[in-house]
Structure formats: structure tokens, C-alpha cells
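Results of the structural survey
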Amino acid sequence: MFEFLKNTWASLPEPLRAQLETYATGFWQVLPQLVLALVFLLFVWGLARALNWLLPKMLRRARMRRALVEVVVMLATVGLWLFGVLIAVTIAFPTITPGRALTALGVGGVAIGFAFKNVFENFLAGVLLLIREPFSIDDYIDCEDIEGQVEEITIRDTHVRQTDGQLVVAPNAMFFKNPVTIRTAKDVRRTTVICGVAYGEDVDRARDIIARAVRNVDSVRDDVCDVEIFAQEFADSSINFEITWWTGSRPIDIRSSRDKVIAAVKRALDEAGIEIPFPYRTMTFKEPLTLNGGSVDAGREEHSDAAA
């Protein structure tokens, strides 16, 4: 084997052998610096492990949010490794100054930034969302047709559990660029239903009966703001009332309260003898019609009720 390697080396061209000898000599000369650089990187690795263990405890004692703790720890770890690698490069190659290393890192960072534009965009958006915290975990939000409860906020994306049980994982840049409706920003939220009464009924009496019925519903928070009832419009078959009240801000609170309010208003109006009308249809015939051998005079009107 040794003879084969010796013969192979002898068969190489002289310029190539000289170049390889130069590489070998340079490697043995720089080997001590490479070993020192590797030892320093091992020290940085141990320091990073200690930082990941100690820093979260300190931040939690300061009552910092869990998601923000992860961001701070990650940024501190990345900064430590960046600083450590720059020092290790200067140890291994003394001719490379920290300024030159930073310049090369900047040029490489620009290229990487263009290649991973969306990744860095979502990363920065995630950091800003965690720092500003426009919404938090367990909030119900609505953004770009995504509506549900926030389950997790990471550096890159946000997990939203929709009311039908499906999980949506959306990039953070979407929540940073677009308007976000936070349904549970407060404990209470206003909701509205429309109720119509017949034209023959007394409007003031109907309003009072509806108001009493709504206030007696246990999910109505009239301690926050009183129930508001306004005659809204002259509709085709009824005078419509806009009924507005405050209740819990979660979607289940809204649906449950509407159910109870509608049932209470219907029951109260029925007990008071106030009609909630069906839509009326009036048909007018200009020409006489023949029905079962008889005739109907022109201009006679036929009234029929149709279910809403």
C-alpha cells in the first residue's frame, strides 16, 4: 500500500506536487489555531446551554409572558453563537479580522435574505407580534376569513382553532399586515337581533314588553349597558325593532344569548297578544277570471299569507 502511494505521488506532475506540499505545510501550521478555535466553540456551546437553562428562569420570575421568553432566549442564543463564531474564525485564521468577517457575513446575509424572504418576514412579524401582543392565547380573532381561538403563537406562525374544530396554521405576516378583529378583547360584546310586530299593534307597548323580556334573560349584561330597543323601519309586513344588548364575548356566549333572547321575546309577545306577522302577499287581477265555472270581477283582490 505504501509503495502504491509512493509511486502515485512520484507520478504526479511537479507543479501539482509542489502545490499539495504547500497545502499540507499550511495545514500543519494552522492546525493549532484550528484546535483552539474548536475548543472555543465547545466553550460557546456550553455557555449557550447554560444560557438556555438560566435565562428562562430569570425571565419567568420577572413575570414575562411565556411566548416572549422564548423569543428573548432565542435571540440571545443566536447573538451568542454569532459572536462566538466570529471570534473562532479570527482564532483559526489570524489574518481575518472581525471587521472582514462581519463584511463577509453581511454580504452572505443579503444573499440569504433574498433567498428566504418569506421565512424572515414571518420571523420578524412573529417577534413583533409577541412583543406588542395585539392578541394572546385563548383570544377569539377574525382575520382574512380565519375565525377562531388562538391556541399557540410561535416565531413563524400562529395556530387558530376554528369553531368547527379545524386547526388553521397561518403565517405571522398575515396577522401583521392585515386588520385583525379581536372578538374577546373585552369580557363583553354587543349583539343585535331584529323583531317585527304587526302594523295594527301599539309600537310603544310592544317596545316596553320586548324590553322587559330581554332584561329578564340571565345572559344579558344590563349592568354594563342598558338594553337598547329602537323602531328601525317600516317593513313590508311589520314594523321592525332593533334589539341590542351586551353579553359574553365568546362565540358560544353570543349564540346562547341570542337563543334565550329570541325565545323570551317570542313568549312575551305571545302572552301579551301582540302579533309577529307573516309576510303578506296581495294579488290584484285586472281582467275577470273564471274559477269553477264562475267569474271573478276585475280589480278584485285576493289576500294570502305565506310563511316567512
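Residues numbered from 1 in each chain as written. Predicted model: local features only at pLDDT ≥ 70, side-chain atom pairs only at ≥ 80, totals over all residues. Heavy atoms only, no water.

Before going further, it helps to examine the pattern of salt bridges. Two side chains bearing opposite charge may form a pair once their charged atoms approach each other closely. Using the criterion set out here, one finds 10 salt bridges in the structure. Two residues, Arg183 and Glu147, come together in a salt bridge whose shortest N-O distance is 3.3 Å. Within this pair, whereas Arg183 is found in the loop between β5 (181–182) and β6 (188–197), its partner Glu147 is found in strand β2 (residues 146–153), the two being separated by 36 residues in sequence. Here Arg183 falls in the partly exposed class, since its relative accessible area comes to 22%. Asp204 serves as the salt-bridge partner of Arg207, at 2.9 Å between the closest nitrogen and oxygen. With Arg207 and Asp204 both in helix α7 (residues 203–215) and three residues apart, the pair spans about one turn of that helix. On the basis of relative accessibility, which here comes to 25%, the residue Arg207 falls in the partly exposed class. Look at the salt bridges and you will find they share partners, linking Asp142, Glu147 and Arg183 into a network. (Salt bridge = Lys/Arg side-chain N within 4 Å of Asp/Glu carboxyl O. Helix = DSSP H or I, 4+ residues; strand = E, 2+ residues; numbered from the N terminus. Buried < 20%, exposed > 50% of the residue type's maximum accessible area, 1.4 Å probe, protein only.)

Attention now moves to the packing of aromatic side chains. For the structure on display, the rule yields three aromatic pairs. Centre to centre, the rings of Tyr199 and Phe234 are 6.3 Å apart; their planes meet at 5°, and the pair counts as stacked. Of the two residues, Tyr199 is situated in the loop between β6 and α7 and Phe234 in strand β7 (residues 228–234); the sequence distance between them amounts to 35 residues. (Phe/Tyr/Trp six-rings, centres within 6.5 Å; stacked < 30°, edge-to-face > 60°.)

A separate point is the sheet that holds strand β8 (residues 239–248). In spatial order, the strands read β6-β8-β7; together these three strands make up an open sheet with antiparallel pairing. The open sheet terminates on both sides in strands that have one partner only, identified here as β6 and β7. With strand direction ignored, the average angle separating the axes of adjacent strands in the sheet is 25°. Helix-sheet contacts for α7 involve β6, β7 and β8, and the interaxial angle to β8 is about 20°. In this fold helix α8 (residues 251–271) packs onto β6 and β8, with an angle of close to 30° to the strand it touches most, β6. (Pairing = 2+ DSSP bridges. Axes fitted to C-alpha atoms, helices over the stretch in contact; angles between N-to-C directions. Contact = heavy atoms within 4.5 Å.)

Okay, the sheet that holds strand β3 (residues 157–162) next. Within a sheet, adjacent strands bond to each other through the backbone by hydrogen bonds, running parallel or antiparallel. Taken in spatial order, the five strands of this open sheet run β4-β3-β2-β1-β5, and their pairing is antiparallel. One side of each edge strand has no neighbouring strand; the edge strands of this open sheet are β4 (167–171) and β5. Relative to β5, strand β1 (residues 140–143) runs antiparallel, the two being bridged by two bridges. Across the sheet, residue Asp142 finds its bridge partner in β5, namely Thr181.

Here we come to unusual backbone geometry. Phi is mostly negative for residues that are not glycine, and the peptide bonds are mostly trans. Even without a glycine there, the phi angle at Glu133 is positive, about 50°. With respect to the element layout, Glu133 can be found in the loop between α5 (117–132) and β1.

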